[in-house]
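Here are the chains, one letter per residue:
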Amino acid sequence: MKNKLLSGAFWMSFGSIFSRVLGIVYLIPWLIMFGKDQNQAQAVFNSAYTPYSLFLALGTAGFPTAIARQVASYNSQNKFRNSVRIFKYGFLFMMMTGIFCGGLLYFAAPSIAAHSSVVSKDAATTAIYYLVPTMIILPPMSFIRGFFQGNQDMKPFGVSQLWEQFVRVLFILSATFVVLEVFHKSYIVAVNYSTFATFVGTIASYIYLLNYARTKLPEYRMLYHDSQPVEKQNILRLFQSIVSEALPFVLIGSGITITQFFDQVTFKSIVTNLLGATVQQAELMYTYFAANPNKITTVVVSLTIAISETTLPLLAHYYDRKDRKKVSEVIGQNIDLMFILLLPTVTLLLTLSWEVNGIFFQFDDYAARLLATALVSSISLALFTDFFTIIQAMGKHHLAVRYLIVGLILKLVLQIPCVSLWGAFGAIISTMIAFLAISLLAFRRISEDNLIPGQLKNVKRIIFMNVLLGLCTFLVQYAISLLYVPHSKIMAFIYAFIFALLFGTVYILILDKTKLSRTTFGKAFILKKRH
């Protein structure tokens, strides 16, 4: 059982982390192929991908997890036939969900494109249309992953993510090369094929999952044969309970994407009407503050949270047992892990914002400053994700939803004044303020109800240490910049690699000398071992 748990955790983490890293690395060759049109290509691609991500989150987030819990519950009672029954009806339900969300995305595409920060409404509309087939077939596929997860089989979840992303990236790069270099078509055509790559990746994931299911059929037949008879139950009422359980996860999981979508549909009208910017300028600013930085910040938040979330199953376990001391210990450990990984990652990328922006996108001082601002904002996004996951792990879903609504309203209220005052920086600042505010609300509730005095003493040391390290790092980078600043992708990569290697070495040595590595990672290991 322990080996199975470790194996599952490995495949889930490896699939999630590697697929996200692959999803950012491919941008380097992809954008190089677009040449002078890379900013416009990014704007059109993001104008399609952000609403797609939102519709996808609304159509899938929470449901696979809810189904996985239900299947696991049935299996623990030797009711595998009920698990099969719920899978059949659930798969049909997710097919209907996919058709509904796909149709909604199709009909909303012209309106979304008209309000997006792009020059060509038609180009953005077409790019969105190319994502509709994926929107239809992906929810049922995510449900298959949930069924495997409910059977304590995490490998297909992680490996299918890898196949999906690998095939998607391969198709994007191949199609873009053929369109631009062989047939010499417009960059818009290449972007359309790049968005359609999600469909190709999803098909690859389906093929893997179905082939894996075929290898598991003998085991499932045995479980079905030994299972208790199917219970007579109202399937409609069962799905109503599943939907009601999944909805909070849907909303919280969509929180960041909702704000990104809000930026997409409001930014152009604000800067053109209130600041007198042209549509071309609005498109460029949107690319610099949203389309480009979001690729980096999403990976930063995901990687740090993926590691800190390793303690959350323990939290749910101890909370159900009303063991306040253990709950406090797990929460403290979770926050320690998040800060000890998040802060140095943000510090390093912030210091190298010029180089990172140049490696992935292009060398531009304005774009680099916007990336730096977005990286600072990513701390508030990470806090939101982690603290709200803690609240949901303790079953306080309605509280999490109420806090999120407060945050979205705050973002809505702040958007116009912030953008009017600071332009593209204002859109990032309004998001940062909104998520920081609700993160503090969530933390106050977590602290008052669950933390015992002195539980977060390590967090204070971690923050203080990172502030000092950050100041020293910025001074060193400033001194070097007086002598040398890289202006080519290769030299920027070499410079960033060496700088990151030295930074990481110093950080590890500091953690070792201050014994923070032992108290943080050692406790995490001990907690898991005891559990």
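Calculation notes
- Residues numbered from 1 in each chain as written.
- Predicted model: local features only at pLDDT ≥ 70, side-chain atom pairs only at ≥ 80, totals over all residues.
- Heavy atoms only, no water.
- Patch = residues over 30% accessible without salt bridge, like charges linked within 9 Å, V, L, I, M, F, W, Y side chains within 5 Å.
- Areas by Shrake-Rupley, 256 points an atom, 1.4 Å probe, with all protein chains shown as cover.
- Salt bridge = Lys/Arg side-chain N within 4 Å of Asp/Glu carboxyl O.
- Helix = DSSP H or I, 4+ residues; strand = E, 2+ residues; numbered from the N terminus.
- Buried < 20%, exposed > 50% of the residue type's maximum accessible area, 1.4 Å probe, protein only.
- Phe/Tyr/Trp six-rings, centres within 6.5 Å; stacked < 30°, edge-to-face > 60°.
- Lys NZ or Arg CZ within 6 Å of the ring centre and 35° of its normal.
- pLDDT = per-residue confidence, 0-100.
- Contact = heavy atoms within 4.5 Å.

## Details of a nonpolar patch on the surface
Together, Tyr-478, Leu-482, Leu-483, Tyr-484, Ile-490, Met-491, Phe-493, Ile-494, Phe-497, Ile-498, Leu-501 and Leu-502 make up a nonpolar patch on the protein surface, roughly 1300 Å² of accessible area in all. As for its placement among the helices and strands, Met-491 is situated in helix H20 (residues 489-513). Among the residues examined, Met-491 registers a relative accessible area of 38% and is labelled partly exposed.

## Quick notes on the packing of aromatic side chains
On inspection of all chains with the given rule, the structure shows 33 aromatic pairs. Ring geometry for Phe-87 and Phe-147: centres 4.7 Å apart, planes at 50 degrees, overall tilted. Here the residue Phe-87 occupies a position in helix H5 (residues 80-115), and Phe-147 occupies one in helix H7 (residues 132-150), the gap between them amounting to 60 residues. With 6.0 Å between their ring centres and 70 degrees between their planes, Tyr-288 and Tyr-366 make a pair best called edge-to-face. With Tyr-288 in helix H12 (residues 279-308) and Tyr-366 in helix H16 (residues 365-393), the pair connects residues that are 78 residues apart, well separated along the chain. On the basis of relative accessibility, which here comes to 5%, the residue Tyr-288 falls in the buried class. Connected via pairs of aromatic rings, a cluster forms that spans Phe-80, Phe-87, Phe-91, Phe-143, Phe-147, Phe-148, Tyr-208, Tyr-212 and Tyr-220. Lying across the ring of Tyr-224, Arg-81 places its NZ or CZ 4.5 Å from the centre. The side chain of Arg-145 reaches across the aromatic face of Phe-157, ending 5.9 Å from its centre.

## Observations concerning the pattern of salt bridges
In total, this model carries eight salt bridges according to the counting rule given. Of the charged contacts in the structure, one is a salt bridge between Glu-329 and Lys-326, with a shortest N-O distance of 3.9 Å. Linking Glu-329 with Lys-326, this pair stays in helix H14 (residues 324-351), spanning three residues, or about one helical turn. As a salt-bridge pair, Asp-449 and Lys-396 come within 3.1 Å of each other at their nearest N and O atoms. You can see Asp-449 sitting in helix H18 (residues 424-450) and its partner Lys-396 sitting in the loop between H16 and helix H17 (397-422), a full 53 residues away along the chain. Each of Lys-396, Arg-445 and Asp-449 takes part in a single network of salt bridges with overlapping partners.

## What about the confidence of the model for the chain?
Overall, the prediction assigns the chain a mean pLDDT of 87, with 92% of residues at 70 or greater. Per-element averaging of pLDDT across the chain places helix H21 (residues 516-530) at the bottom with 59 and helix H15 (residues 353-360) at the top with 96. Predicted confidence for residues 1-6 stays below pLDDT 50, and this span has two contacts to residues more than four positions away or in other chains.

## Quick notes on the environment of Phe-474
Mapped onto the elements of the fold, Phe-474 is located in helix H19 (residues 457-481). Once the C-alpha coordinates of Phe-474 and Leu-350 are considered, the two residues, 124 residues apart in sequence, prove to be 8.9 Å apart. Apart from the residues within four sequence positions on either side, Phe-474 is in contact with Leu-350 and Thr-351.

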